[in-house]
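# Secondary and tertiary structure notes
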Amino acid sequence: MAQNSYISLTAHIINNEWLPKSFTLATQKMEEQHTAVNLAEKLTRILDDWEINGKVSTVITDNAKNVVNAVKLLLLTIDNENMDVTCAAHSLQLAISTALKDEIFSELIKQCSSLVGHFKHSNVAKQSLFKKQEHLGISSSVTDRTVTSLYIAQKLEITESQWLKIEILPLGASRRKIIDQQVLKMVVKKYYPFSIVEDREFVQFLNLLNPGYTLASRKTLLKSLLPIMYNEIHDKVKQDIKDHAKYVSNTTDSWTSIKNEN
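Here the structure is a predicted model, which means the values were calculated and not measured. (Residues numbered from 1 in each chain as written. Predicted model: local features only at pLDDT ≥ 70, side-chain atom pairs only at ≥ 80, totals over all residues. Heavy atoms only, no water.)

Looking down a regular strand, the side chains alternate between one sheet face and the other. Where strand 1 (residues 6–14) and strand 2 (residues 20–29) come together, 9 bridges link them in antiparallel fashion. Within the sheet, the bridge partner assigned to Ile13 lies in strand 2 and is Lys21. Connecting the antiparallel pair strand 1 and strand 2 is a turn made up of 5 residues, with Trp18 showing a positive phi of about 60°. (Pairing = 2+ DSSP bridges. Helix = DSSP H or I, 4+ residues; strand = E, 2+ residues; numbered from the N terminus.)

Below you can see the structure in the form of structure tokens.
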């Protein structure tokens, strides 16, 4: 059956008692190619067989082009320009699938899969994870992918005290890099001195926001991170000018510092 093609049609009505009813009118083998014309002919025969051609007000389908076009080809007696309606659930699925292809989400999914695979294939790592969960007071007894009861869901809830323990865990390299870059952007855009990273109150402020983050040193910001950021912005500006500017107007200035340095 998995190698055969079929077409199905279900009728949905509201009866005289205002109760919704559904009836499967046909499930037939589809031996022809799934072109819009062939699908329309098949659907028309089913509708004619059930003598409901004049009662069809809406046909709901998935978002496949051939099916959508087939509905437009149906010779129905009711003239309804909004007759063809695509399934909201399928539209949502397509939207989610498209979003998950975004680099941010795909990279996150890749990292999560790698993380799960690590603990799945290493018994030592798995036992270490269980011990860490026990230390944090997080249940490790639920192995099914689906949470089927309120009781189990409540067992999986992370309390405020558990979050405090999690927050003090060291950050991953990628997350630490993002925060380092944001600190550098703040210093550069607001003309703050790089010595701010050595300011006691500023360090304590960042520690309150995320105890697991260790602020990059002044030397690291200047010697390592700043050149990288400069090159990235330089390349972006260069590309923007190349792609979007037909003409460029420049301004220039020269000055002498208080030390008489030209």
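Before going further, it helps to examine the pattern of salt bridges. For side chains of opposite charge, pairing can occur when their charged atoms come near one another. Scanning the model with the defined rule gives 1 salt bridge in all. A salt bridge links Glu198 to Arg218, with the shortest nitrogen-to-oxygen separation between them at 3.9 Å. With Glu198 in the loop between helix 8 (173–189) and helix 9 (200–209) and Arg218 in helix 10 (residues 218–244), this residue pair connects regions lying 20 residues apart in the sequence. Owing to a relative accessible area of 37%, Arg218 belongs among the partly exposed residues under this scheme. (Salt bridge = Lys/Arg side-chain N within 4 Å of Asp/Glu carboxyl O. Buried < 20%, exposed > 50% of the residue type's maximum accessible area, 1.4 Å probe, protein only.)

Mapping Lys42 onto the fold places it in helix 1 (residues 36–49). One buried charged side chain, Lys42, makes no salt bridge at all; its nearest oppositely charged neighbour is Glu32, positioned 4.4 Å away. Non-local contacts of Lys42, meaning those with residues more than four positions away in its chain, are made with Ile7, Gln28, Lys29, Met30 and Glu32. (Lys, Arg positive; Asp, Glu negative; His and termini not counted. Contact = heavy atoms within 4.5 Å.)

Our next topic: the environment of Leu184. For Leu184, the position within the fold is in helix 8. The exposure class assigned to Leu184 is buried, which follows from its relative accessible area of 1%. With near-sequence residues (within four places) excluded, Leu184 lies in contact with Phe194, Leu221, Leu225, Leu226 and Met229.

Geometric values such as these leave the question of function open.
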